[in-house]
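Examining the three-dimensional arrangement
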Amino acid sequence: MIVKPEIMRGGLVKNPHPIGCKAVVEKQINYMKSLPKFSNKKRALIIGGSSGYGLASRIALAYGADADTISVSFEPGVNDKRLGSAGWWNNIWFKEQAEKDGLIAKNIIGDAFSDEVRQQTIDMIKKEFDGKIDILIYSLASPRRTDPKTGITHSSVLKSTVGEIAAPTLDLNKQIIVDGKMMAATKHDIDETIKVMGGEDWQLWIESLKEAGVLADGFKTTAYSYDGADGTDAIYKKGTIGAAKRHLEKTALTLNNELHDLQGEAFVTVAKALVTKASAFIPLFPLYGCALFKVMKELGTHENTIEQIDRFMRDMLYGNKRITDEVGRVRPDNLEMDDNTQILTNAIMSKMTSENFKEISDFAGFYQDFLELNGFNVAGVNYDASIDIDTLKSKQP
Ligand code: NAI
Ligand code: NA
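Remember, predicted model here, so these are calculated numbers, not experimental data.

1. Regarding the overall build of the chain
For the chain, the helix and strand inventory stands at 15 helices and 12 strands. A compact globule built from 397 residues should have a C-alpha radius of gyration of about 21 Å, and the chain, at 20 Å, falls within 12% of that. Judged by the C-alpha coordinates and their principal axes, the chain covers about 60 × 50 × 45 Å. Each of the 397 residues in the chain was classed as buried or not, and the buried ones make up 55%. For the chain, the share of sequence-separated contacts (at least 6 apart) that also reach a separation of at least 24 residues comes to 76%.

This is the structure we're talking about:
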């Protein structure tokens, strides 16, 4: 079978390219292997470790801190209709390489919001990690969450908390700018989004793990967030997702207190805007991303996912160059939030039209990152070669 990027309605890619996904994972691993270690050996749990910031965190910890890792993610495998998801393959390839390099790498595939998966994870920590973890990275992005206490399924929405607002975006499929609007959120919409993307589940994880006695002295945990500036305020700070992130920040303060007796800490990490499965379809975001990437590449401050996470962990998580803001959030997004960078980004955004956006912004770079999410257009991969599905099918995460 030959796999080409087949973009479906809504912009999602039908099949990932398994061999391309391998190349993308290897690229990140090789980047980390080229750098000195940033910490002594750790035992890490990554919730949402199969793609985006979670995968980069797993790779950075494995190769920057010799970390044995457990990742929890929700990814479909190969069936009659699809070749699995990119995250499915990322789990397989990461594990294969990490094991070759002498590290423990375990993948738990299931619903991270469920008590069952939490228990399965605790059992695995006890069995594989001498009963302790040193760090938990919380990197979930999900449209839905079933509350394990009530059994009720909540759905997050992308709506505005300041009334209906314009939110033009880039249609990555048709490659045009399209008008769009963010509808006004009701109180119910805000509550639902907080239920899914707020801090409740992170708190359940930390409290369950602590109760089970599997947190090591000096245990650290962080959850990723985005803050944004003028170009994305309409959807982030003033959106339902922003409300959920504020809840996450409050949770961090609670958890930080609960970890005092372990000399541990909990905080939110505000990361840079990047193309991931979760972010590519947020209104406005692609326009902002294309403009931002152009500016940051010109200024020499652009970082891709692994570069951003490596700097965060090296300087701020384990190093002594931590940048903390007035509400206690750690800020590796400092280069994105630089005043001059924002001024230049806003200037490009205000000029972008369907006719000129490919010239005046870094659409090419943004689109390349989008293709790479599913393993396409990666240097060194032969896309004309047929993929041996049967051999690949036998691989399990
Ligand atoms: P992503 O879509 O690449 O990763 C999401 C992860 O969550 C995947 O590993 C997926 O398998 C897992 N997941 C989703 N639902 C699950 C469930 N029910 N059970 C188990 N696993 C589940 O997303 P991305 O962008 O890496 O997002 C992670 C976090 O980073 C989010 O909190 C996001 O807000 C934050 N962030 C993202 C930025 C961006 O520009 N992409 C910028 C700053 C923060
Ligand atoms: Na992630």
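2. Examining the coordination of the sodium ion (ligand 2)
Distances from the sodium ion (ligand 2) to its protein donors, namely Gly48 (O), Ser51 (O), Gly54 (N), Ser139 (O) and Ser139 (OG), fall within the range 2.6 to 3.1 Å. Coordination of the sodium ion (ligand 2) draws on donor residues from a single chain, spaced G-x2-S-x2-G-x84-S in sequence. With respect to class, Gly48 is no different from Gly54; both count as buried.

3. What about the side chain of Lys95?
Mapped onto the fold, Lys95 is located in helix H3 (residues 86-100). Setting aside chain neighbours within four positions, we find Lys95 in contact with Ala105, Asn107 and Pro397.

4. Brief notes about the pattern of salt bridges
With the rule as written, the count across this model stands at 35 salt bridges. Residue Arg331 pairs with Asp333 through a salt bridge whose shortest N-O separation is 2.8 Å. Considered together, Arg331 and Asp333 belong to a single accessibility category, that of buried residues. Counted as one network, the salt bridges with shared partners bring together Asp227, Asp233, Lys237, Arg246, Glu249, Asp325, Arg329, Arg331 and Asp333.

5. Quick look at the site of ligand 1
Around ligand 1 lies a shell of 30 residues, among which Ser50, Ser51, Glu75, Leu274 and Thr276 are the nearest. One of the side-chain N or O atoms of Asp111 is found 3.0 Å from a nitrogen atom in ligand 1. Taking Tyr224, its main chain carries an N or O atom lying 3.3 Å from an oxygen atom of ligand 1. Protein coverage of the free-state accessible area of ligand 1, which is 840 Å², stands at 95%. Breaking the shell around ligand 1 down by element, the ones donating at least two residues are helix H2 (52-64) and strand S11 (215-225).

6. Digging into the environment of Asn346
For Asn346, the location among the structural elements is in helix H12 (residues 339-351). Distance in space between the C-alpha atoms of Asn346 and Ser114 is 41 Å, their sequence separation being 232 residues. If near-sequence neighbours (up to four positions away) are discounted, Asn346 is found in contact with Asp230 and Gly231.

7. Some thoughts on the sheet that holds strand S4 (residues 133-138)
Spatial strand order, S3-S2-S1-S4-S11-S12: 6 strands in an open sheet with parallel pairing. The open sheet has two free edges, formed respectively by strand S3 (105-109) and strand S12 (265-270), since each of these has just one partner strand. Averaged over all pairs of adjacent strands, the angle between their axes in this sheet comes to 15°, without regard to strand direction. Across 6 bridges, the pairing between S11 and S12 is parallel.

8. Quick word on the nonpolar core
Core analysis: the largest hydrophobic core is formed by 87 residues, its most contacted members being Ile59, Tyr63, Phe94, Met313 and Met352. With 9 residues, helix H9 (residues 285-299) is the largest single contributor of residues to this core. Once you skip the residues sitting within four places of it in the chain, Met313 turns out to touch Phe38, Ser57, Ala60, Leu61, Ile137, Tyr224, Tyr318 and Gly319. If you look at the next biggest cluster of nonpolar residues, it comprises 31 residues, including Leu45, Ile70, Ala223 and Leu262.

9. Quick notes on the UniProt feature "binding site: substrate" (unreviewed entry) in the chain
With numbering aligned to this structure, UniProt lists the feature "binding site: substrate" (unreviewed entry) at Tyr226. Mapped onto the elements, Tyr226 comes out in the loop between S11 and helix H7 (230-233). Residue class for Tyr226 comes out buried when judged on its relative accessible area of 7%. Those residues in contact with Tyr226 that sit more than four places away from it in its chain are Thr232, Tyr236, Lys245, Arg246, Val270, Ala271, Lys272, Ala273, Tyr288, Glu336 and Met337. Of the polar contacts made by the side chain of Tyr226, one reaches the side chain of Glu336; its length is 2.5 Å.

10. Some words on the UniProt feature "active site" (unreviewed entry) in the chain
Within this numbering scheme, the UniProt entry marks Tyr236 as carrying the feature "active site" (unreviewed entry). If we skip the residues at most four places from it in the chain, Tyr236 touches Tyr226, Asp227, Ile241, Gly242 and Ile282.

11. Concerning the pairing of S11
One face of the sheet, then the other: side chains in a regular strand alternate in exactly this way. Counted residue by residue, S11 has 9 buried out of 11 residues, so it is predominantly covered. The sheet contact formed by S4 and S11 spans 5 bridges and is parallel. Bridging from a neighbouring strand, Tyr138 pairs with Ala223 of S11.

12. Remarks on the side chain of Ser73
Its location among the elements puts Ser73 in strand S2 (residues 68-73). Since its relative accessible area comes to 5%, Ser73 is described here as buried. Contacts of Ser73, omitting those with residues within four sequence positions, involve Gly49, Ser50, Asn91, Ile108, Ile109 and Gly110.

13. Brief notes about the environment of Ile125
Following the sequence through the fold, Ile125 ends up in helix H4 (residues 115-128). Ile125 sits in the buried class, given a relative accessible area of 0%. Expressed as a C-alpha distance, the spacing of Ile125 and Gly300, which sit 175 residues apart in the sequence, is 41 Å. Leave out the neighbours within four places in its chain, and Ile125 touches Leu45, Ile70, Asp130, Gly131, Lys132, Ile133, Leu209 and Val214.

Reading the values: the criteria
- Residues numbered from 1 in each chain as written.
- Chains lettered and ligands numbered in written order.
- Predicted model: local features only at pLDDT ≥ 70, side-chain atom pairs only at ≥ 80, totals over all residues.
- Heavy atoms only, no water.
- Helix = DSSP H or I, 4+ residues; strand = E, 2+ residues; numbered from the N terminus.
- Rg over C-alpha atoms; globule rule 2.2 N^0.38 Å.
- Buried < 20%, exposed > 50% of the residue type's maximum accessible area, 1.4 Å probe, protein only.
- Contact = heavy atoms within 4.5 Å.
- Donors = N, O, S within 2.8 Å, 3.2 Å for Na, K, Ca; no water.
- Salt bridge = Lys/Arg side-chain N within 4 Å of Asp/Glu carboxyl O.
- Near = heavy atom within 4 Å.
- Polar contact = N/O pair within 3.5 Å; in protein donor to acceptor, adjacent residues only side chain to side chain.
- Areas by Shrake-Rupley, 256 points an atom, 1.4 Å probe, with all protein chains shown as cover.
- Pairing = 2+ DSSP bridges.
- Axes fitted to C-alpha atoms, helices over the stretch in contact; angles between N-to-C directions.
- Core = buried A, V, L, I, M, F, W, Y, C linked by side-chain atoms within 4.5 Å.
- UniProt positions renumbered as here; feature names shortened; annotations may be inferred.

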